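Residue-level structural notes
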Amino acid sequence: MDDTLPQTLPQTSPQTSPQTMSDDSQTTRRDFLYLATGAVAAVGAGGVAIPLIDQMNPAASVKALASIEVDISTIEAGQSVTVTWRGKPVFIRHRTKQEIAEAQAVVSADLPDPQTDKERVKKDEWLIMVGVCTHLGCVPLGQAGDFKGWFCPCHGSHYDTSGRIRRGPAPTNLEIPAYSFLTDTRVKIG
Ligand code: FES
């Protein structure tokens, strides 16, 4: 062992062949610097790209939330769904014939916030409105209250089957959002 150690060590030690190792080291170091620079550049590019994307995100997300499309093909008469639009609940009610008849029979001039049912729907069977009580912002319960429409239990506001305020402290009817029917079974809200 002692015989081989001195022969081996000088071959691998920097002191025994400084010139050769220096060249190798320079090459290795230079390659490393290229790699490191490349890595920094990649990170730098990533660092630049992310803020740009982040800056674009709010506009993109706001745009995405500005309108939503809802498939209403599976909502049977007498059923409702609640979707979220711009952070608010939106009720999509597939009204029954009776609900439509009751909504249309009301003399709108007598209402706290006079509106005919026709002014509130695009198709008689579909009532689409923001599910936020116009009093202080609670979410009313569906198919409840004295008029079998919506009832807000917070302070007792009763809405009819057209979402119009009929009794209680809410000052106005439930809001109708901007919407359109893309097809018979697809609606775009916003
Ligand atoms: S928040 Fe609905 S009645 Fe007050």
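Structure first, text after, so check above.
Here's a quick rundown of the structure.

Cut-offs and rules
- Residues numbered from 1 in each chain as written.
- Predicted model: local features only at pLDDT ≥ 70, side-chain atom pairs only at ≥ 80, totals over all residues.
- Heavy atoms only, no water.
- Pairing = 2+ DSSP bridges.
- Helix = DSSP H or I, 4+ residues; strand = E, 2+ residues; numbered from the N terminus.
- Axes fitted to C-alpha atoms, helices over the stretch in contact; angles between N-to-C directions.
- Core = buried A, V, L, I, M, F, W, Y, C linked by side-chain atoms within 4.5 Å.
- Buried < 20%, exposed > 50% of the residue type's maximum accessible area, 1.4 Å probe, protein only.
- Contact = heavy atoms within 4.5 Å.
- Arc of directions from axis to C-beta.
- Salt bridge = Lys/Arg side-chain N within 4 Å of Asp/Glu carboxyl O.

Points about the sheet that holds strand S3 (residues 88-94)
- Taking strand neighbours across the sheet as the criterion, the three strands line up as S2-S3-S4 in an open arrangement whose pairing is antiparallel. Because the sheet does not close on itself, it has two edges, and the strands there are strand S2 (80-85) and strand S4 (126-130). The average undirected angle you get between the axes of adjacent strands in this sheet is 20°.
- Note that S3 and S4 share five bridges and pair antiparallel. From the neighbouring strand, Phe91 faces S4, where its bridge partner is Met129.

As for the nonpolar core
- Residues Val70, Ile72, Ile92, Ile128, Val187 and Ile189 are the most contacted members of the largest nonpolar core, which totals 15 residues.
- Listing elements by their share of this core, those giving two or more residues are strand S1 (68-71), S2, S3, S4, strand S9 (179-183) and strand S10 (186-189).
- What Val70 contacts, discounting residues up to four positions off in sequence, is Val83, Ile92, Thr185, Arg186, Val187 and Ile189.

Describing helix H3 (residues 97-105)
- Buried residues of H3: Glu99, Ile100 and Ala103, and no others. Along the axis of H3, the buried positions cluster into a sector of 100°, meaning they face one direction only. Residues Lys97, Gln98 and Ala105 are exposed on H3 and point more than 90 degrees away from its buried face.
- If you follow the buried residues of H3, they end up packed against S3 and strand S5 (141-144).

Quick notes on the pairing of S2
- Pairing of S2 with S3, which is carried by six bridges, proceeds in the antiparallel orientation. Considered in S3, the bridge of Val81 is made with Ile92.
- Once S2 ends, the chain turns through two residues before running back antiparallel as S3, passing Arg86 with a positive phi of about 50°.

Notes on the environment of Thr172
- Relative to the elements of secondary structure, Thr172 occurs in the loop between strand S8 (165-167) and S9.
- Residue classification places Thr172 among the partly exposed positions, given a relative accessible area of 35%.

Focus on the pattern of salt bridges
- For the structure on display, the rule yields nine salt bridges.
- One salt bridge in this structure joins Lys118 and Asp124, with 3.1 Å as the shortest N-O distance.
- A salt bridge links Arg167 to Asp146; the shortest N-O distance between them is 2.4 Å. In this pair, Arg167 is assigned in strand S8 and Asp146 in the loop between S5 and strand S6 (149-152), connecting sequence segments 21 residues apart.
- Given a relative accessible area of 44%, Arg167 falls into the partly exposed group.
- Several salt bridges converge on common partners, so that one network encompasses Asp160, Arg164 and Arg166.

Everything listed is a geometric property; what it means functionally is a separate question.
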